[in-house]
Amino acid sequence: MEHIKLITEVCMRQDWQHEGPDITIDAGGGRKQLVQSEPYLHEGLEMIRLYTRVGPLSKLSETQLSALLGLNFSFAFGALASFGEDLVMTETLLMHDSAHDQIALAVRFLAETSDGYENQIYGTDQH
């Protein structure tokens, strides 16, 4: 299934706003989180990568980075990672096996979890 078509169908079912591959999630309390998606080819397998920015890595201490890395094991979906100059949450799913509900659960989890970290660590709502 084509990437944008899949994102559009998921967003329609969940009543989420999207612009192409970018999904905007209401994170509660007047906060919003942008979850981006992109097709990804790995060893010939079509995949979809979901990611959302948390905040700049440069504002984190070594202690904070170590603590955040330790959280990865407890996540239901995804992982914290660095992408460019940002701390992000990311998840990669097989495109042909990705049921709408699985993508919706992953998007919701990434948005809510990363928004919570953005609020706790940076005190912002920029992403």
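Our structure's up above, just so we're on the same page.
Keep in mind it's a predicted model, so treat the numbers as computed, not measured. (Residues numbered from 1 in each chain as written. Predicted model: local features only at pLDDT ≥ 70, side-chain atom pairs only at ≥ 80, totals over all residues. Heavy atoms only, no water.)

## Description of the pattern of salt bridges
Once the charged atoms of two side chains with opposite charge are near each other, the side chains can pair. A full pass over the atoms with the stated rule returns five salt bridges. Between aspartate 86 and arginine 53 there is a salt bridge whose closest N-O contact spans 3.4 Å. Here the residue aspartate 86 occupies a position in strand S6 (residues 86-94), and arginine 53 occupies one in strand S4 (residues 45-56), the gap between them amounting to 33 residues. Each member of the salt-bridge network shares a partner with another, and the members are Arg31, Asp115 and Asp125. (Salt bridge = Lys/Arg side-chain N within 4 Å of Asp/Glu carboxyl O. Helix = DSSP H or I, 4+ residues; strand = E, 2+ residues; numbered from the N terminus.)

## Details of the side chain of asparagine 72
Locating asparagine 72 in the fold gives a position in the loop between helix H2 (62-71) and strand S5 (79-83). Exposure remark for asparagine 72: the relative accessible area of 17% places this residue in the buried category. Asparagine 72 has contacts with Ala79 and Leu80, leaving out every residue within four places of it along the chain. (Buried < 20%, exposed > 50% of the residue type's maximum accessible area, 1.4 Å probe, protein only. Contact = heavy atoms within 4.5 Å.)

## What to know about the packing of aromatic side chains
Following the criterion strictly, the structure yields four aromatic pairs and no others. Relative to phenylalanine 109, the ring of phenylalanine 75 has its centre 6.1 Å away and its plane inclined at 70 degrees; by these criteria the two rings are edge-to-face. Of this pair, phenylalanine 75 sits in the loop between H2 and S5 while phenylalanine 109 is found in helix H3 (residues 100-122), placing the two residues 34 residues apart along the sequence. Judged by its relative accessible area of 21%, phenylalanine 109 falls in the partly exposed class. When the ring centre of tyrosine 40 is taken as reference, the NZ or CZ atom of arginine 49 above it lies at 4.0 Å. (Phe/Tyr/Trp six-rings, centres within 6.5 Å; stacked < 30°, edge-to-face > 60°. Lys NZ or Arg CZ within 6 Å of the ring centre and 35° of its normal.)

## Notes on the sheet that holds strand S2 (residues 22-28)
What the six strands build is an open sheet, ordered S1-S2-S3-S4-S6-S5; its pairing is antiparallel. Sheet topology places strand S1 (17-19) and S5 at the edges, where each strand pairs with a single neighbour. Across the sheet, the axes of successive neighbouring strands diverge by a mean angle of 35 degrees, strand direction being ignored. As defined by bridge partners, S5 adjoins S6 across five bridges and the pair is classed as antiparallel. When the sheet's bridge partners are listed, leucine 80 is paired in S6 with methionine 89. (Pairing = 2+ DSSP bridges. Axes fitted to C-alpha atoms, helices over the stretch in contact; angles between N-to-C directions.)

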